[in-house]
Amino acid sequence: MSAVSAPAGIVRLDPRSLRIKRFSALTTMVLPLLGTVAAGYLLVTGQFTVTDLVLFGVFYCVHLGGVTIGLHRYLAHKAFRTSPWFQDVLMAAGSMAAQGPLLFWVATHRRHHKYADREGDPHSPNLHGTGLKARLRGLWYAHMPWMLSDESSKWSVYAPDVLRERRLVLHHRLYPTWVTAGLVLPAAIGLAVGHTALSAFSGLVFGGLARIFVANQAAWCVGSLCHAFGSRPFDNGDKSTNNWWVAVLTFGEGLQNNHHAFPGSYRHATRWWEPDLSGWVLTALGRLHIVWNLHEPSAARIAQKRQEPHRVSP
Ligand SMILES: [Zn+2]
Ligand SMILES: [Zn+2]
């Protein structure tokens, strides 16, 4: 009989740290929501321009590119290497997503992999019971409220490599600056193009706040829906799933079952036709020598893993 050890590297926050964490999390949930309401009003009343839509699209790509390629595949999983200047670009873009500072992001994510869908997973939808109500509560918790919990993943346990690198710690500290830059930049571009206060405001709303809201809702579906609904081609001993529409919206992250099977791979697709925009971009960046040492499992390893019997019921 094997003993199940308690999850490691989890601390209860003191009241002051908890207040700061909750204030910061609620701000990044509520302000983008208000901005999205404003964007909806501008859309319905026809008070928007092509520039606003372009700003939304471009900053959506910067946002998700920064998270998926930068924070996730590069920093949390070390799936490839790159130069200091491109690392700076990735860390700035990833921080603009307002998903929390670098050390928080990496430590939380690595703990998610270590305890996926077991006690200790910071955002599993599968730990709240089996009835319909409990399942729905779990899905909602894994989508957003987990960010308000009173626990924290120890950086020294889950991200010692990040703590050791001064340049990365600097980006961690610059988090509020990068988030602000992600709001000011689209506003400034809107102003430069339209020359009116409304054009600056709509730039802020479309390229900044609504973009953060929409992109993060898509990204958080990875933690909620992609551990509940979809296909499970690989047996990872967890409940991770592949979900195509989430994968399209999140540049490949919705191929969560593939990713849990091969977490160190720069690609989340295991077949060429699976939607993995970040994987395709990384392949192109590799050809341009902007990134290198791109890790991926061999075709034989993928085929072998595909054959392993499933222990987890669908
Ligand atoms: Zn996962
Ligand atoms: Zn991961």
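This structure is a prediction, so every number in the text was calculated from the model and none was measured.

Caption draft 1: Local environment of the coordination of the zinc ion (ligand 1). At 2.1 Å from the zinc ion (ligand 1) lie its protein donor atoms, namely His112 (NE2), His227 (NE2), Gln256 (OE1) and His260 (NE2). Coordination at the zinc ion (ligand 1) is tetrahedral, judged from the four donor atoms that bind it and the angles of 98 to 131° they form at the metal. If you list the donors of the zinc ion (ligand 1) from N- to C-terminus, the spacing comes out as H-x114-H-x28-Q-x3-H. Highlighted residues: histidine 112 in helix α4 (residues 102–114) and histidine 227 in the loop between α10 (197–223) and α11 (244–249), separated in sequence by 115 residues. The two residues histidine 112 and histidine 227 agree in class, both being buried.

Caption draft 2: Molecular detail of α10. End to end, α10 covers 38 Å across 27 residues, agreeing with the expected 39 Å (1.5 Å per residue, within 8%). Along its length, α10 reaches its greatest deviation from straightness, about 45°, at arginine 211. Taken across its 27 residues, α10 has 21 buried, putting it largely inside the fold.

Caption draft 3: Structural view of the packing of helix α2 (residues 50–76) against α10. At a minimum axis separation of 8 Å, α2 and α10 run at an interaxial angle of 40°. Taken together, α2 and α10 sit at an angle that is classed as oblique. In the packing of α2 onto α10, the handedness of the crossing is right-handed. Among the residues making up the contact of α2 with α10, the classes are represented as 13 nonpolar, six polar and two charged.

Caption draft 4: Representation of the packing of α2 against helix α13 (residues 277–287) within the structure. The N-to-C vectors of α2 and α13 enclose an angle of 85°; their axes lie 10 Å apart at closest approach. In terms of axis orientation, α2 runs roughly perpendicular to α13. Between α2 and α13, the residues in contact are Thr68, Ile69 and Arg73 and Ser278, Gly279, Val281 and Leu282, respectively. In terms of residue class, the contact of α2 with α13 is built from three nonpolar, three polar and one charged.

Caption draft 5: Looking closely at the UniProt feature "transmembrane region" (unreviewed entry) in the protein. The UniProt record annotates "transmembrane region" (unreviewed entry) at residues 23–44, 50–71 and 174–194. Split by type, residues 50–71 is 100% helix and 0% strand. Its first and last C-alpha atoms lie 30 Å apart. Regarding residues 174–194, the helix share stands at 95% and the strand share at 0%, and the terminal C-alpha atoms are separated by 30 Å.

Caption draft 6: Main features of the coordination of the zinc ion (ligand 2). Distances from the zinc ion (ligand 2) to its protein donors, His72 (NE2), His77 (NE2), His109 (NE2), His113 (NE2) and His259 (NE2), fall within 1.9 to 2.2 Å. Each donor residue of the zinc ion (ligand 2) belongs to the same chain, with the gaps between them written as H-x4-H-x31-H-x3-H-x145-H. In this pair, histidine 77 sits in the loop between α2 and β2 (81–82) while histidine 109 sits in helix α4, placing the two residues 32 residues apart along the sequence. An identical accessibility class is assigned to histidine 77 and histidine 109; each is buried.

Caption draft 7: Representation of the side chain of glutamate 151. With respect to the helices and strands, the residue glutamate 151 is situated in strand β3 (residues 151–153). Within the structure, the side chain of glutamate 151 is placed 3.1 Å from the side chain of arginine 111, a separation counted as a polar contact. Sequence-distant contacts of glutamate 151, that is, excluding residues within four places in its chain, are made with Ile10, Val11, Arg12, Leu13, Lys21 and Arg111.

Rules behind the numbers
Residues numbered from 1 in each chain as written. Chains lettered and ligands numbered in written order. Predicted model: local features only at pLDDT ≥ 70, side-chain atom pairs only at ≥ 80, totals over all residues. Heavy atoms only, no water. Donors = N, O, S within 2.8 Å, 3.2 Å for Na, K, Ca; no water. Tetrahedral: all angles 85-135°; square planar, octahedral: opposite > 155°, others 65-115°. Helix = DSSP H or I, 4+ residues; strand = E, 2+ residues; numbered from the N terminus. Buried < 20%, exposed > 50% of the residue type's maximum accessible area, 1.4 Å probe, protein only. Expected span 1.5 Å × (residues − 1). Bend = angle between axes of the 7 residues up to and from the residue. Axes fitted to C-alpha atoms, helices over the stretch in contact; angles between N-to-C directions. Parallel < 35°, antiparallel > 145°, perpendicular 65-115°, else oblique. Left-handed = near helix turned anticlockwise from the far one by under 90°. Nonpolar A, V, L, I, M, F, W, Y, C, P; charged D, E, K, R; others polar. Contact = heavy atoms within 4.5 Å. UniProt positions renumbered as here; feature names shortened; annotations may be inferred. Polar contact = N/O pair within 3.5 Å; in protein donor to acceptor, adjacent residues only side chain to side chain.

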